[in-house]
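# Structure at a glance
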Amino acid sequence: MKGSDRTEHFPIMPLRVGITGNLGSGKSTVAALLRRRGYPVLDADALAREGRKALAGRICQAFPEACRGGVLDEKALARIVFSDQEKLRTLEGLLHPYVRRRLMEEMDRQTAPIVFLEIPLLFEVGWEKALDRVLVVAAPLEERLMRVQIRSGLSREEALSREARQLPQEEKLRRADYVLWNTGDLRRLEEGVEVLLRVLESSP
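What counts and how
All chains use their own residue numbering, which begins from 1 and follows the written sequence. Reporting in this predicted model follows two pLDDT cut-offs: at least 70 for local features of residues, and 80 or more for side-chain atom pairs to be given and counted; totals over whole chains, interfaces and linings ignore these cut-offs and use all residues. Water and hydrogen atoms play no part in the side-chain values, which are based on all heavy atoms of the structure. For helices the rule is a DSSP run of H or I covering at least 4 residues; for strands it is a run of E covering at least 2, with both sets numbered from the N terminus onward. Burial classes: relative accessible area under 20% of the type maximum marks a residue as buried, over 50% as exposed, and values in between as partly exposed (1.4 Å probe, protein chains only). Contacts are residue-level and defined by heavy atoms, with any inter-residue pair within 4.5 Å sufficient. Under the convention used here, a 1.4 Å probe and the Shrake-Rupley method define accessible areas, while residue burial counts only the protein chains that appear. Charge assignment: positive for Lys and Arg, negative for Asp and Glu; neither His nor the chain ends contribute. All charge positions are set by atom: Lys at NZ, Arg at CZ, Asp at CG, Glu at CD. At least two bridges found by DSSP between two strands is the condition for calling them paired. To obtain each axis, a line is fitted to C-alpha atoms, and for helices this fit is confined to the stretch in contact; angles are then taken between N-to-C directions over 0 to 180 degrees. Here, a disulfide means two cysteine sulfur atoms that sit within 2.5 Å of each other. Note that the arc is computed from the directions linking the helix axis to the C-beta atoms. By the criterion applied in these results, polar contacts are pairs of N or O atoms within 3.5 Å in which, for protein atoms, one can donate a hydrogen and the other can accept it, and in which residues neighboring in sequence qualify only through two side-chain atoms. Side-chain atoms within 4.5 Å link the members of a nonpolar core, which is a set of buried Ala, Val, Leu, Ile, Met, Phe, Trp, Tyr and Cys residues. Small angles under 35 degrees read as roughly parallel and large ones over 145 as roughly antiparallel, with 65 to 115 read as roughly perpendicular and the rest as oblique. Crossing handedness: left-handed means the near helix sits turned counterclockwise from the far one by under a right angle, and right-handed means the same turn made clockwise. We call Asp, Glu, Lys and Arg charged. Ala, Val, Leu, Ile, Met, Phe, Trp, Tyr, Cys and Pro are nonpolar, and the rest, Gly among them, are polar.

On to the overall build of the protein, then. Across its full length, the protein carries 9 helices and 7 strands. Dimensions along the principal axes, computed over C-alpha positions, put the protein at roughly 70 × 40 × 30 Å. Within the protein, buried positions represent 42% of all 204 residues. Of the contacts made within the protein by residues no fewer than 6 positions apart, 75% connect residues no fewer than 24 positions apart. Roughly 11,900 Å² of accessible area belongs to the protein as shown, and the carbon and sulfur atoms make up 53% of that amount. Distance from the positive charge centre (34 side chains) to the negative charge centre (31 side chains) of the protein: 2 Å.

This is the structure we're talking about:
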């Protein structure tokens with residue numbers, strides 16, 4: 001205000017960067033590289049696991065066949081929802097509001113200039129509207145399927161079924177602000193992360 005000695009200081013909002021990509025693309029590898037460099041990375045999958053525990057009673061009401069003695073069997077739940085689109089939507093209706101609330105709480109606690117959020121279904125649930133930038137981690141389909149089968153023990157058919165429930169990789173690439181291709185060469189991926197960080201750190 002003119003004539004006043006007071007200087008108002010407003011908090012600087014961190015740059016919020018979403019990390020997403022299709023099944024087996026290497027999102028978690030990129031997140032780990034960012035954490036290793038000291039950047040905060042919020043994990044939507046970890047919050048979803050937290051949510052399944054916090055909402056176990058409601059989930060057991062909706063999916064009694066996935067519970068034994070009031071205890072949620074997560075493997076049974078996965079088999080049920082990934083074979084029935086309507087049941088998957090029911091579970092997402094329970095979990096997504098919880099995850100969104102917890103992500104917002106965690107974002108509000110951050111003081112770093114750049115905060116990353118690893119959100120596998122970022123575009124599918126409309127989270128890009130709450131973020132400043134979106135990074136898509138991509139890889140060829142066959143390579144992604146192989147990674148998922150090795151990591152999770154899923155069959156090729158099961159992996160393809162889960163892939164089909166996500167937006168096509170090509171559509172995510174079209175919507176992305178930044179793209180990192182993960183072809184399995186860790187050194188090249190690290191170089192890509194370093195380039196990305198330089199770009200972000202110079203962003204207005």
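Let us now look at the sheet that holds strand β1 (residues 15–20). Ordered in space as β2-β5-β1-β6-β7, the 5 strands form an open sheet in which the pairing is parallel. Because the sheet does not close on itself, it has two edges, and the strands there are β2 (41–43) and β7 (178–181). Sheet twist, expressed as the mean angle between neighbouring strand axes with direction ignored, is 25°. As paired elements, β1 and strand β5 (residues 114–118) share 5 bridges and run parallel to each other. Considered in β5, the bridge of G18 is made with L117. Helix-sheet contacts for helix α9 (residues 186–201) involve β1, β5, β6 (133–138) and β7, and the interaxial angle to β7 is about 165°.

Here β1 lies mainly inside the structure; 5 of its 6 residues are buried. Across 4 bridges, the pairing between β1 and β6 is parallel. Its bridge partner lying in β6, G18 is registered against V134.

Throughout the structure, instances matching the rule amount to 1 disulfide. What pairs with C60 in a disulfide is C67, and their sulfur atoms sit 2.0 Å apart. Looking along the S-S bond of the C60-C67 disulfide, the torsion reads about -95°, which is the left-handed sense.

Attention shifts here to helix α2 (residues 44–54). Of the residues making up α2, those classed as buried are A44, L47, A48, G51 and R52. Along the axis of α2, the buried positions cluster into a sector of 150°, meaning they face one direction only. On the buried face of α2, the contacting elements are β2, α3 (56–62), β4 (71–72), α4 (74–81), α5 (85–109) and β5. Capping of α2 at its N-terminal end is provided by D43; its side-chain oxygen lies 2.9 Å from the backbone amide nitrogen of D45.

Here we come to the nonpolar core. The biggest cluster of nonpolar side chains holds 20 residues, and the ones touching the most others in it are V30, L34, F116, L135 and L200. At 5 residues, the largest contribution of residues to this core is made by α9. Setting aside chain neighbours within four positions, we find L135 in contact with V17, G18, I19, T20, V30, Y178, V179, L180 and L196.

Moving on, we get to the packing of α2 against α5. Any two packed helices are characterised by the angle at which their axes cross and by the distance between the axes. Where α2 contacts α5, the axes come no closer than 9 Å and their chain directions differ by 120°. Viewed along their axes, α2 and α5 adopt a mutual orientation that is oblique. For α2 against α5, the interelement crossing comes out right-handed. Across the interface between the two elements, A44, L47, A48, E50, G51, R52 and A54 from α2 touch L95, Y98, V99, R102 and L103 from α5. Its residues assigned to classes, the contact of α2 with α5 shows 8 nonpolar, 1 polar and 3 charged.

Following both chains from N to C, one finds helix α1 (residues 27–36) and α9 inclined at 60°, their axes separated by 10 Å at the closest point. In terms of their interaxial angle, α1 and α9 are classed as oblique. α9 is crossed by α1, and the crossing has right-handed handedness. Within the contact between the two elements, α1 uses T29, V30, L33, L34 and R36 and α9 uses L186, L189, E190, V193 and L197. Among the residues forming the contact of α1 with α9, the class breakdown is 7 nonpolar, 1 polar and 2 charged.

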